[in-house]
Amino acid sequence: MTQRESKKRVLIIDDSEAIHTDFRRILTPEQRRSRGDIDLLEEALFGPPASRTTGPTEPEFEVDSAFQGQEGLAKIRAAVEAHQPYALVFLDYRMPPGWNGAETLRRLREVAPSLRVVLCSAYSDYSWAELVREFSDLQLLKELRKPFNGQEVRELAVTLTEPAPA
């Protein structure tokens, strides 16, 4: 298995560049651990640190971006066709001027019905109860309120990308 194949693929669908940057910082180790002057001095004095590879308790993620629902759907469709599906999508509720999160989710379910999705927003035009009624499977759909904290995002990503129990 190549390094790329071992990473869990996550798609962020949000109209804000800053949100994409936050998700990358949280989910990718090279973004989460920036090397400052102290790190460089420590390495110069004591040599390179032990391997920084993550173990089984710390999965690695490959994060991809889409800035509108239509773009996200196209990426999901291409990933399914290439047999490299995403394990998880973080999807914003509001993405003007295009589809909102609910419309994107409806279309996404036609292409990848078992894809796990976390709906994210500081506010929404739909109540959580309405979304649950329409999409029903709470194993595949979660909600994350903005502003979110990094630990919450990482825990959701780790939990939701684990293989389903047999």
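Thresholds, definitions, all that
- Residues numbered from 1 in each chain as written.
- Predicted model: local features only at pLDDT ≥ 70, side-chain atom pairs only at ≥ 80, totals over all residues.
- Heavy atoms only, no water.
- Helix = DSSP H or I, 4+ residues; strand = E, 2+ residues; numbered from the N terminus.
- Buried < 20%, exposed > 50% of the residue type's maximum accessible area, 1.4 Å probe, protein only.
- Contact = heavy atoms within 4.5 Å.
- Areas by Shrake-Rupley, 256 points an atom, 1.4 Å probe, with all protein chains shown as cover.
- Axes fitted to C-alpha atoms, helices over the stretch in contact; angles between N-to-C directions.
- Parallel < 35°, antiparallel > 145°, perpendicular 65-115°, else oblique.
- Nonpolar A, V, L, I, M, F, W, Y, C, P; charged D, E, K, R; others polar.
- Core = buried A, V, L, I, M, F, W, Y, C linked by side-chain atoms within 4.5 Å.
- Polar contact = N/O pair within 3.5 Å; in protein donor to acceptor, adjacent residues only side chain to side chain.

What follows is about the overall build of the protein. On a plain count of helices and strands, the protein comes out with eight helices and five strands. Listed by position from the N terminus, the elements making up the protein come as α-β-α-α-α-β-α-β-α-β-α-β-α. Out of the 166 residues in the protein, the part that is buried amounts to 37%. In the protein, 75% of the contacts between residues at least 6 apart in sequence involve partners at least 24 apart. About 9,600 Å² of surface is accessible on the protein, with carbon and sulfur atoms providing 54% of the total.

Moving on, we get to the packing of helix α5 (residues 69-81) against helix α6 (residues 101-111). Close contact between α5 and α6 brings their axes to 10 Å; oriented N to C, the two are set at 10°. In terms of orientation, α5 lies roughly parallel with respect to α6. The residues of α6 that touch α5, namely those facing Gly69, Leu73, Ile76, Arg77 and Val80, are Thr104, Arg107, Leu108 and Val111. Taken together, the residues of the contact of α5 with α6 break down into five nonpolar, two polar and two charged.

Of all hydrophobic cores here, the largest spans 20 residues; its most connected members are Ile13, Ile76, Val89, Leu91 and Leu105. Counting residues per element, the ones that place at least two in this core are β1 (8-13), α5, β3 (88-92), α6, β4 (116-121) and α7 (128-135). Among the nonpolar cores identified, the runner-up in size contains 18 residues, and Phe90, Cys120, Leu144 and Phe148 belong to it.

Its place among the elements puts Arg154 in helix α8 (residues 150-160). Among the polar contacts made by the side chain of Arg154, one reaches the main-chain carbonyl oxygen of Leu27 at a distance of 3.4 Å.

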